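# Inside the fold
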Amino acid sequence: MTEIEQIADPECPVEHWWTLAKKHPIEAIKSVLYPLMTLESPDRWHALEQAHIIDWIKIGINRLSAAQQHLFAADCAEQVLPYFEAVYPEDRRPREAIQVHRLFANGGTTPSAWRKAQTASYNAANAANAIATKAWKANQSRYTPAIDALYEATVAAFSAASPAHEAAAHAAIAVLTMRPWQWARLQEYLRGEVA
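Below: a short report on this structure.

Rules of the game
Residues numbered from 1 in each chain as written. Predicted model: local features only at pLDDT ≥ 70, side-chain atom pairs only at ≥ 80, totals over all residues. Heavy atoms only, no water. Core = buried A, V, L, I, M, F, W, Y, C linked by side-chain atoms within 4.5 Å. Buried < 20%, exposed > 50% of the residue type's maximum accessible area, 1.4 Å probe, protein only. Helix = DSSP H or I, 4+ residues; strand = E, 2+ residues; numbered from the N terminus. Contact = heavy atoms within 4.5 Å. Expected span 1.5 Å × (residues − 1). Axes fitted to C-alpha atoms, helices over the stretch in contact; angles between N-to-C directions. Left-handed = near helix turned anticlockwise from the far one by under 90°. Nonpolar A, V, L, I, M, F, W, Y, C, P; charged D, E, K, R; others polar. Salt bridge = Lys/Arg side-chain N within 4 Å of Asp/Glu carboxyl O.

## Topic: the nonpolar core
- Counting residues in each nonpolar core, the largest one holds 25 residues, and the members touching the most others are Trp 17, Ala 21, Trp 45 and Phe 72.
- Counting residues per element, the ones that place at least two in this core are helix H2 (14–23), helix H3 (25–30), helix H5 (42–63), helix H6 (66–87) and helix H11 (178–190).
- With 6 residues, the top contributor of residues to this core is H5.
- Beyond its immediate stretch of four places on either side in the chain, Ala 21 contacts Ile 7, Ala 28, Trp 45, Leu 48 and Trp 56.

## Thoughts on helix H9 (residues 145–160)
- Look at H9: 22 Å from first C-alpha to last across 16 residues, which is about the 22 Å you get at 1.5 Å a residue.
- Of all the residues in H9, the buried ones are Ile 147, Leu 150, Ala 153, Thr 154, Val 155, Ala 156, Ala 157, Phe 158, Ser 159 and Ala 160.

## Side note on helix H8 (residues 111–138)
- The first and last C-alpha atoms of H8 sit 40 Å apart over 28 residues, in line with the 40 Å expected at 1.5 Å per residue.
- Within H8, burial applies to Trp 114, Ala 117, Gln 118, Ser 121, Ala 124, Ala 125, Ala 128 and Ala 132.
- At its buried positions, H8 is contacted by H6, helix H7 (93–105) and H9.

## As for the packing of H6 against H9
- Where H6 meets H9, the closest approach of the two axes is 7 Å, and the angle between their N-to-C directions is 145 degrees. For the pair H6 and H9, the crossing hand works out as left-handed. Across from Ala 73, Ala 77, Val 80, Leu 81, Tyr 83, Phe 84 and Val 87 in H6, the residues of H9 making contact are Ala 149, Leu 150, Glu 152, Ala 153, Ala 156, Ala 157, Ser 159 and Ala 160.
- Looking at the contact of H6 with H9 residue by residue, the classes come out as 13 nonpolar, 1 polar and 1 charged.

## Regarding the pattern of salt bridges
- In total, this model carries 10 salt bridges according to the counting rule given.
- Taking the shortest distance from any N to any O, the salt bridge between Asp 75 and Arg 185 comes out at 2.9 Å. Within this pair, whereas Asp 75 is found in helix H6, its partner Arg 185 is found in helix H11, the two being separated by 110 residues in sequence.
- According to the relative accessible area criterion, Asp 75 is buried, its value standing at 6%.
- Bridged by salt links that share partners, the residues Asp 75, Glu 78, Arg 102, Arg 185 and Glu 188 form one connected network.

Here you go:
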């Protein structure tokens, strides 16, 4: 019996189920034992999720189609876009990159149009990074909220120009609370709830 079959088996021993859940979170959630296991030990599931969420996000991304990966990348970038726009309200490059990314995912534009928008967003990120680095150096290597905002803006612009796995990583760096959102969003994609 494969591990996937074992985790789906209602007779799977409790400790073995938890061991398999770490490696196969998507199958664990789909298993008939998931409601029982998480009802009996919600803190254990939460701890497992916190410890492995980055790997679980990677697993989920790899299960998406190419178009879904592009859409998920746009979703992640869109979540951190306010950080960029708060610092650079007139710079539309990351927002435009997200829009073109969505169009590209749905077959509404060409790969060259996507690369052009991607390059523009990378250029915005590089400009924001240069300003943040200069501000950091001028401030004698001390972080301030303004410098943090500049670095978050950089990450947001990079996220807008990145493929799915990189966008997820960039967005999670910008806002640590993004990881649970990303994991939940991936599950929506995997359940077919995202059009």
